Amino acid sequence: MQQFYSGKVKDSYCISSFSKIGKGRVFQNSKVLEFPYSGEDGKYFKSLYKHLELDYPKYYKMDALCKLAFLTAEFLLEGIDLKHKYQPSEIALVFANSSSSLNTDIKHNQSISDKDQYFPKPAVFVYTLPNIMLGELSIRHTFRGENVFFVAEKFDSQMLVDYTTNLLNTTRHKACIIGWVDFLAEGFESAMFLVEDASHCEQGELLSTEGLQKLFYF
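Here, residues in each chain are numbered from 1, in the same order as that chain's written sequence. Per-residue local features are limited, in this predicted model, to residues with pLDDT of at least 70; the limit for side-chain atom pairs, both in listing and counting, is 80 or more; totals at the level of whole chains, interfaces and linings are taken over all residues. Values shown for side chains rest on all heavy atoms present in the structure; no hydrogens or waters enter the calculation.

A. Examining the confidence of the model for the protein chain more closely. Confidence scores here are pLDDT values: one per residue, from the predictor, ranging 0 to 100. A residue-level look at the protein chain finds 86% of positions with pLDDT of 70 or above and a mean pLDDT of 88. Here residues 1–9 is modelled with pLDDT under 50, and outside its nearest four sequence neighbours on either side it reaches 16 contacts, counting other chains as well. By definition in these notes, contact holds between two residues if any of their heavy atoms fall within 4.5 Å.

B. Representation of the packing of aromatic side chains. Side-chain rings of Phe, Tyr and Trp (the six-membered ring for Trp) are treated as a pair once their centres are within 6.5 Å; stacked means planes under 30 degrees apart, edge-to-face means over 60, and tilted covers the remaining angles. Under the definition given, this model contains 21 aromatic pairs. Where Phe155 meets Phe216, the ring centres are 3.8 Å apart and the plane angle is 5°; that geometry is what we call stacked. Remark: Phe216 occurs in helix α8 (residues 209–216) and Phe155 occurs in the loop between β5 (147–151) and α7 (157–170); sequence separation between them is 61 residues. Only protein chains enter the area calculation, which uses a 1.4 Å probe; residues under 20% of their type maximum are buried, those over 50% are exposed, and those in between are partly exposed. A relative accessible area of 2% means that Phe216 is categorised as buried. Linked through ring pairs, Phe18, Phe155, Trp180, Phe193, Phe216 and Tyr217 together constitute an aromatic cluster. The side chain of Lys20 reaches across the aromatic face of Phe216, ending 5.5 Å from its centre. Helix numbers and strand numbers start at the N terminus; a helix is a DSSP run of H or I with at least 4 residues, a strand a run of E with at least 2. Working rule: Lys NZ or Arg CZ, within 6 Å of ring centre, within 35 degrees of ring normal, means a charge sits over the ring.

C. How the structure looks around the environment of Gly42. Note that Gly42 resides in helix α1 (residues 41–51). Sequence separation of Gly42 and Ala64 is 22 residues, and the distance between their C-alpha atoms is 7.7 Å.

D. Looking closely at the environment of Ser30. Looking at the secondary structure, you find Ser30 in the loop between β2 (25–28) and β3 (31–34). Remark: the alpha-carbon pair of Ser30 and Ser19, spanning eleven residues in sequence, is separated by 9.4 Å.

E. Region of interest: unusual backbone geometry. A positive phi angle, close to 55°, is found at Asn29, a residue other than glycine. One can find Asn29 in the loop between β2 and β3. Positive phi values are uncommon outside glycine, yet Thr142 reaches one of about 60°. The exposure class of Thr142 is partly exposed, given its relative accessible area of 27%.

F. Spatial organisation of the packing of helix α2 (residues 64–77) against helix α6 (residues 132–141). Axis lines are fitted to C-alpha atoms, over the contacting stretch for helices. Their N-to-C directions set the angle, which ranges from 0 to 180 degrees. It is at 9 Å that the axes of α2 and α6 come closest, and there the two elements cross at 40°. If you check the angle between α2 and α6, you find them oblique. Note that α2 runs across α6; the crossing there is right-handed. Contacts between α2 and α6 involve Leu65, Cys66, Ala69, Phe70, Ala73, Glu74 and Leu77 from the first element and Ile132, Met133, Glu136, Leu137, Arg140 and His141 from the second. We call Asp, Glu, Lys and Arg charged. Ala, Val, Leu, Ile, Met, Phe, Trp, Tyr, Cys and Pro are nonpolar, and the rest, Gly among them, are polar. Grouping the constituent residues of the contact of α2 with α6 by class yields nine nonpolar, one polar and three charged. Working definition: roughly parallel below 35 degrees, roughly antiparallel above 145 degrees, roughly perpendicular at 65 to 115 degrees, and oblique for all remaining angles. Two helices crossing with the near one rotated counterclockwise from the far one by less than a right angle form a left-handed crossing, whereas a clockwise rotation gives a right-handed crossing.

Below, the structure is given as structure tokens:
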């Protein structure tokens, strides 16, 4: 639930941190990290997990979409202590993709389509909603602010900027993570942006449709 208030509308916000996972490369702000990509997404994600030196057993139970979001968020927030700057309820999540949870939906459908081999798996079914990945990120990082998930045909920077700006201007949220995380068997696409008040940014890109597009298509 949004906490509306009558505070002063901020003049501008900035993208203080950025991460993007591609096939063979991870973009982390101004750094480009190279990772071998053999075409097997599962092995590739595992190599990123090992690089981050994480110890989070629940990761292995996630579907591919959640794993991709989890890893992108780890690169985005590496070295950033949001808990020191904000209350958990002051951090919002605004995410979107073009295929919802279709990759897992297909797997679930396969488990129930054959009447003779009818064997639905709860571990698969639980991930047949795209906002489950927002829940996974919230648990991992103790985010308790508003979270919303949109399904759009393509990356819509205007919509994301407008929604995020309005959210930060009309509620008590002080930071927001914008995410585009998409996964299908044919490929994946993931990028995240940490948005804060411009006064908190020593460096970074001002939040705008042009700035978001520049980083997304970097």
